[in-house]
Amino acid sequence: MEMSLLKALLKNISAFLHLPDNKCSEIVEKYYIKNEHVLKLIKPVLESIVDADVASDQALQKEFAGMSQSVDEVRELFDESHPLMSKVYFVLKAESLVTKVQTHCLDILELLQSCEGLPVELSSASLEHCVQKIKHMGYEKPSAIISKAIKEQVEGNEPSSDIRSEIADLLSLKSNQELLIELVALENLKEDAEQLEKIRDALIASWCESNNVNLPDPVKSMIRQEEASLVNHVHSSSEDSMPELENESVELNESGERIVDSGGPAAISLPRNESPGGGGVDDGSVEHSHGSNEESSPQVVTGNSSDASGEVMAEAHPAVAATSAAPQTDPHEYSPRFRTRPRNPIWRRPSERFGPRIISSVPETRSDLGEIETQVKKLIDDLSSTSLDTVKNATLELRLLARHDKDIRNVIANCGAINLLIGLLYSPDQNIQENAVTALLNLSINDINKTTIGNSNAIEPLIHVLETGSSEAKENSAATLFSLSVIEENKIKIGRSGAIGPLVDLLGNGTPRGKKDAATALFNLSTFHENKGRIVQAGAVRFLVDLMDPAAGLVDKAVAVLSNLATIPEGRARIGQEGGIPMLVEVVELGSARAKENAAAALLQLCTNSNRFCNMVLHEGAIPPLAALSHTGTPRAKEKAQSLLSFFRNQRHGNGGRR
């Protein structure tokens, strides 16, 4: 066992030294060479003591184990490097790991210098020579300047232009595209790190609840707020009002569902872009995990299954999981079109392309439910007032109350607010309409309210808001339709009521947030077979293909919908006509893990049903990324990629597909 530690270390060193030559940037190449020089110095020394008694020394064994782990980690870092990664993160990680390897090497050499019975070739002079060579390996350390800039940023000071320029020079971040790629990559890393931390805290809270262990209130409040972004759907205002998002706060109800508000006294939000007392939006949108096809990139990863046709099916219960991206390939390795296609190849979804998310801590200030019921009844009476200001204030307060928790939402619904709020969706007053639709959105978090709202003839009024409302009202109307569509019966009603057309219009012409809401709603609707044809006929495919451009930040959502639409003939035909095949191949090559999975499923449908589409897919250079996906993808992605590759092989042997 003792000798196996040294052999394992040598095996890991050899694995690093034989990494394929796919360094994707100068910065990666530099750190690889640095680590390579260190390992090439130590490797002959280690090989010479494999069979020597000195290798069983306990202190050396400890160093062998530590160095083996460090070498394995640094190998993984270089093996998974790709053109769209964050150079800042890579440098910080690489310098740390390379320094660890270097330290272990020096410790091993110093221990050997104090040992007796060394092989004759390991003289004190030769060991000292190795020590000095490793110690004096000089190279630039960008991490120092990066850390300095980070420290200044944390302290609230803007890093100087000289520091920014130095970082840009060291990391070769000079063009706008390089800076944009770096920004998106850092957002993804931030999202992944936050998700892991929040999943941990959510599990702690869940365990405590299951075992009747009460968390201290401050801890519970913190965990609940961190859980909130596991079902993340924060609505931001227009680009012009992004700075006001700094006051945003998040709460979560007992069932793990999310409500969002801007910060304000007693956890009540101040309306956006208005002074206290006016009508505004509390960003009360909810993104349920019940049917979402989100990637984990960096957010909730919801369970997907596929039926016999390969359709992505929404599952009824969310499965929270942290997934890491599959190793990315160099976009130039397989696909020469990347040298000419004028698209931004930014294939990891940013956490929020539409505005910063700063979540502040808000103490729980819930009053006794009896008092709240009295307040709610008064507000519901005010909804029928002839005074516009009274109605406006009542809808605002109800939407804010509806954000609190399940019990308060049930109180509001049981007191009869739903029908009155639905009626106010036709209000000509923009603020009243926005407040009413957002209140309904918050109320729809509770499953029982989803059914009640769906049975209260709310679909047509929500369509009216989609067609005539302000940008934010349209966003929240689409989000409400998504929330309602979690219930299968509502999914059918929404499809048959004419909502798909306005949703598609929002998908193509809405705000970035509106497009996201529309895509999410359309995905849920597309899991009901009857709705697929309606979505295609409404012209959604053209917009979905456009949204596969990574600059839109909605690749995962667009591909998920297209994967479902590809299961019907008219959907496949439209995907081919709208230029979707090249984009799907690119997603297989460079997308997130879930996006690759859905893109492969869509391509399988296209190829197995049309020789023409099959030839187009092959022409786009799909085989290398599919081969890689068949080994590195999710289980479903592997299955789809392997099926597609088998189909290509059969085609080559004369088993043609249908036209």
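Going along each chain's sequence as written, the residues are numbered from 1 onward. Confidence filtering applies because this is a predicted model: local features only for residues at pLDDT of at least 70, side-chain atom pairs given and counted only at 80 or more, and all residues used for totals across whole chains, interfaces and linings. Side-chain measures here rest on the full set of heavy atoms in the structure, leaving out hydrogens and waters.

Participant: Give a description of the overall build of the chain that names residues and reports values.
Facilitator: For the purposes of this entry, the term helix denotes a DSSP run of H or I that reaches at least four residues, the term strand denotes a run of E that reaches at least two, and both are numbered from the N terminus. Counting its regular elements, the chain contains 30 helices and four strands. The buried label goes to any residue with under 20% of its type's maximum accessible area, the exposed label to any with over 50%, and the partly exposed label to all in between, with areas taken from a 1.4 Å probe on protein chains only. Taking all 659 residues of the chain together, the buried fraction comes to 56%. Contacts: residue pairs with any heavy atoms within 4.5 Å of one another. Sequence-distant contacts, at least 24 apart, represent 74% of the contacts inside the chain between residues at least 6 apart. Counting every atom, the chain has about 27,700 Å² of accessible surface; 51% of that belongs to carbon and sulfur. Residue exposure ignores everything except the shown protein chains as possible cover, and the areas themselves are Shrake-Rupley values with a 1.4 Å probe.

Participant: Describe in detail the packing of helix H15 (residues 430–443) against helix H18 (residues 471–484), supporting the description with residues and values.
Facilitator: To obtain an axis, a line is fitted to C-alpha atoms, over the contacting stretch when the element is a helix, and the angle between two such axes runs from 0 to 180 degrees between their N-to-C directions. For the pair H15 and H18, the least separation of the axes is 9 Å and the interaxial angle reads 20°. Taken together, the axes of H15 and H18 are roughly parallel relative to one another. Crossing geometry of H15 relative to H18 is assigned as left-handed. Of the residues in H18, those touching H15 at Gln433, Glu434, Val437, Thr438 and Leu441 are Glu472, Ala473, Asn476, Ser477, Ala479, Thr480 and Ser483. Under this grouping Gly is polar, as are all residues other than the nonpolar Ala, Val, Leu, Ile, Met, Phe, Trp, Tyr, Cys and Pro and the charged Asp, Glu, Lys and Arg. Grouping the amino acids of the contact of H15 with H18 by side-chain chemistry returns four nonpolar, six polar and two charged. Angles are sorted into four bins: roughly parallel if under 35 degrees, roughly antiparallel if over 145, roughly perpendicular if 65 to 115, and oblique for all others. Handedness of a crossing follows from how the near helix is turned relative to the far one, being left-handed for an anticlockwise turn of less than a right angle and right-handed for a clockwise one.

Participant: Give a detailed account of the state of the cysteines, specifying residues and quantitative values.
Facilitator: The criterion for a disulfide is a pair of cysteine sulfur atoms lying within 2.5 Å. Enumeration according to the criterion identifies zero disulfides in this entry. Of all cysteine sulfurs, the one in Cys614 lies closest to Cys607, which takes part in no disulfide; the gap is 4.5 Å. With relative accessibility at 0%, the residue Cys607 sits in the buried group.

Participant: Describe the environment of Arg612, naming the residues involved and giving the relevant values.
Facilitator: Secondary-structure assignment places Arg612 in helix H28 (residues 611–619). Taking the C-alpha atoms as reference points, Arg612 and Gly576, 36 residues apart in sequence, are found 9.5 Å from one another.

Participant: Report on the environment of Asp546, specifying residues and quantitative values.
Facilitator: On the secondary structure map, Asp546 appears in helix H23 (residues 540–547). Exposure remark for Asp546: the relative accessible area of 42% places this residue in the partly exposed category. In sequence terms Asp546 and Gly508 are 38 residues apart; their C-alpha atoms lie 8.8 Å from each other.

Participant: Give me unusual backbone geometry: which residues, what numbers.
Facilitator: The backbone of Ser172 shows a phi angle near 55°, a positive value even though the residue is not glycine. Here Ser172 shows up in the loop between helix H7 (161–171) and helix H8 (176–210). Note on Ser172: relative accessible area 25%, which makes it partly exposed. Backbone geometry at Asn457 places phi at a positive 60°, although glycine is not the residue there. The residue Asn457 is located in the loop between helix H16 (447–454) and helix H17 (459–468) in this model.

Participant: Give a detailed account of the nonpolar core, specifying residues and quantitative values.
Facilitator: Throughout this description, the term nonpolar core refers to a set of buried Ala, Val, Leu, Ile, Met, Phe, Trp, Tyr and Cys residues connected via side-chain atoms within 4.5 Å. Ranked by internal contacts, the top residues of the largest apolar core, which has 97 residues, are Ile412, Leu507, Met548, Leu584, Leu626 and Phe648. The greatest single-element share of this core, amounting to eight residues, is contributed by helix H27 (residues 593–609). Sequence-distant contacts of Leu584, defined by excluding residues within four places in its chain, comprise Met548, Val559, Ile575, Ala599, Ala602, Leu603 and Leu606. Of all hydrophobic cores here, the second largest spans 56 residues; its members include Ile27, Val71, Ala94 and Ala168.

Participant: Let's hear about the confidence of the model for the chain: which residues, and what values?
Facilitator: Any segment with low pLDDT has predicted coordinates that should not be analysed in fine detail. Overall, the prediction assigns the chain a mean pLDDT of 76, with 71% of residues at 70 or greater. Within the model, the stretch residues 217–305 combines pLDDT values under 50 with 311 contacts to residues more than four positions away or in other chains. Scored between 0 and 100, pLDDT is the confidence that the predictor attaches to each residue. When the criterion is pLDDT under 50, residues 315–366 qualifies, and its contacts beyond four places in sequence or with other chains add up to 171 contacts.

Participant: Could you give me a rundown of the packing of aromatic side chains, with the residues and numbers involved?
Facilitator: Pairing of aromatic side chains here covers Phe, Tyr and the six-membered ring of Trp, requires ring centres within 6.5 Å, and sorts the geometry by plane angle: under 30 degrees stacked, over 60 edge-to-face, intermediate tilted. Counting across every chain of the model gives five aromatic pairs. With a centroid separation of 4.7 Å and 25° between ring planes, the pair formed by Phe16 and Tyr32 is classed as stacked. With Phe16 in helix H1 (residues 2–17) and Tyr32 in helix H2 (residues 26–48), this residue pair connects regions lying 16 residues apart in the sequence. For the pair formed by Phe16 and Tyr32, the shared burial category is buried. On the basis of an interplanar angle of 80° and a centroid distance of 5.6 Å, the ring pair of Phe16 and Phe78 is categorised as edge-to-face. Highlighted residues: Phe16 in helix H1 and Phe78 in helix H3 (residues 58–79), separated in sequence by 62 residues. Three or more aromatic residues link up through ring pairs in this structure, and these residues are Phe16, Tyr31, Tyr32, Phe78 and Phe90.

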